[in-house]
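These are the residues of each chain, in order.
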Amino acid sequence: MYISYTLGEYVSAFIQWGFLMAFLYCFVKSINTPHKSSLYLAAIMLCSYVLSDYLYILSHVYLNWIAYDFLTIAFIILAIKKALVTPSLPAYLIITGLTINSVLVGFIYYDLYILGNTQEWWFWSFYSISINLIDILMIASLVINLDPVNINRYTKTITLIDKSGVSNG
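This section reports on the structure supplied with the text. (Residues numbered from 1 in each chain as written. Predicted model: local features only at pLDDT ≥ 70, side-chain atom pairs only at ≥ 80, totals over all residues. Heavy atoms only, no water.)

1. A closer look at the overall build of the protein chain
Working step 1: Of regular secondary structure, the protein chain possesses six helices and zero strands.
Working step 2: A total of 169 residues make up the protein chain; the buried ones form 37% of that total.
Working step 3: In the protein chain, once contacts between residues fewer than 6 apart in sequence are set aside, the share between residues at least 24 apart is 68%.
Working step 4: As displayed, the protein chain offers around 10,500 Å² of accessible surface, 72% of which is attributable to carbon and sulfur atoms. (Helix = DSSP H or I, 4+ residues; strand = E, 2+ residues; numbered from the N terminus. Buried < 20%, exposed > 50% of the residue type's maximum accessible area, 1.4 Å probe, protein only. Contact = heavy atoms within 4.5 Å. Areas by Shrake-Rupley, 256 points an atom, 1.4 Å probe, with all protein chains shown as cover.)

So, in structure tokens, the structure goes:
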């Protein structure tokens, strides 16, 4: 099930909308808190995905996506070094997701333009599904934001429910 160009435009718009919503959610959530890490991470991702569709660094779209993935990883690592972004689970998930995306884009570029393959095969479907699934998981990691503060809060909530004797069953 290789995603056609027309459907790909809608999927791309949905992914950009998802990163915009994640950014706005992180923005609203961080208004009265000193912790702005998830906001900076969401801003980096939003800028990367929006700019990669409209501002071409390289002449070919696949090479452009690879370049933006590596630039985004570099910006996230720089933000971690400058202490703007805390080294948390969402940051590592996004770095891992961008790395996997860039490897898959490199393979599809090699298949289409170096090898000249024009026959659809299983890797094209795997590529289409994987890229979009990873993008959705990166959006979810920004919204859920499983950093140590939230994990401790959820653990305490579960412990309090357990001690109070209230159960869901």
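Once you've had a look at it, read on.
2. A word on the side chain of S52
Working step 1: Residue position: S52 is located in helix α2 (residues 37-54).
Working step 2: Assessed through its relative accessible area of 7%, S52 is described here as buried.
Working step 3: Excluding its chain neighbours within four sequence positions, the residues that come into contact with S52 are N64, W65 and Y68.

3. Observations regarding the packing of α2 against helix α4 (residues 89-114)
Working step 1: In contact at an axis separation of 11 Å, α2 and α4 are set at 20° when each is read in the N-to-C sense. What the angle tells us is that α2 and α4 run roughly parallel. Note on packing geometry: the crossing formed by α2 with α4 is left-handed. In this structure, α2 uses L41, M45 and Y49 to contact α4, whose residues at the interface are P90, A91, I94, L98 and N101.
Working step 2: Among the residues making up the contact of α2 with α4, the classes are represented as seven nonpolar, one polar and no charged. (Axes fitted to C-alpha atoms, helices over the stretch in contact; angles between N-to-C directions. Parallel < 35°, antiparallel > 145°, perpendicular 65-115°, else oblique. Left-handed = near helix turned anticlockwise from the far one by under 90°. Nonpolar A, V, L, I, M, F, W, Y, C, P; charged D, E, K, R; others polar.)

4. Here's the deal with the nonpolar core
Working step 1: Membership of the largest hydrophobic core comes to 23 residues, with the highest contact counts inside it found for F19, M45, I76, I94, L98, M138 and L142.
Working step 2: Here this core takes seven residues from α2, the largest share from any one element.
Working step 3: Setting aside residues no more than four positions away along its own chain, M45 makes contact with F19, T72, I76, I94, L98, M138 and L142.
Working step 4: Counting 11 residues, the second-largest nonpolar core is a separate cluster that includes Y62, V105, I108 and I131. (Core = buried A, V, L, I, M, F, W, Y, C linked by side-chain atoms within 4.5 Å.)

5. A short note on the packing of aromatic side chains
Working step 1: A complete count under the given rule lists 12 aromatic pairs for this structure.
Working step 2: Their ring planes at 85° and their centres at 5.5 Å tell us that Y62 and W65 sit as a pair that is edge-to-face. Of this pair, Y62 and W65 both sit in helix α3 (residues 61-81), three residues apart, which is roughly one turn of the helix.
Working step 3: Here a set of aromatic residues connected by ring pairs shows up, and it is made of F107, W121, W122, F123 and F126. (Phe/Tyr/Trp six-rings, centres within 6.5 Å; stacked < 30°, edge-to-face > 60°.)

6. Points about unusual backbone geometry
Across the chain, the bulk of peptide bonds are trans and the bulk of non-glycine residues have phi less than zero.
Working step 1: At A83, a position not held by glycine, the phi torsion is positive, near 65°.
Working step 2: You can see A83 is positioned in the loop between α3 and α4.

7. Some points on the packing of α3 against α4
Working step 1: Viewed as axis vectors pointing N to C, α3 and α4 meet at an angle of 160°, and their least axial separation amounts to 9 Å. For the element pair α3 / α4, the angle class is roughly antiparallel. Between α3 and α4 lies a crossing whose hand is left-handed.
Working step 2: Here the contact of α3 with α4 is composed, by residue class, of 18 nonpolar, five polar and one charged.

8. Description of the side chain of Q16
Working step 1: Relative to the elements of secondary structure, Q16 occurs in helix α1 (residues 5-29).
Working step 2: Q16 sits in the buried class, given a relative accessible area of 13%.
Working step 3: Polar contacts involving the side chain of Q16 include one to the side chain of D53, which spans 2.4 Å. (Polar contact = N/O pair within 3.5 Å; in protein donor to acceptor, adjacent residues only side chain to side chain.)

Keep in mind these numbers describe shape, not what the thing actually does.
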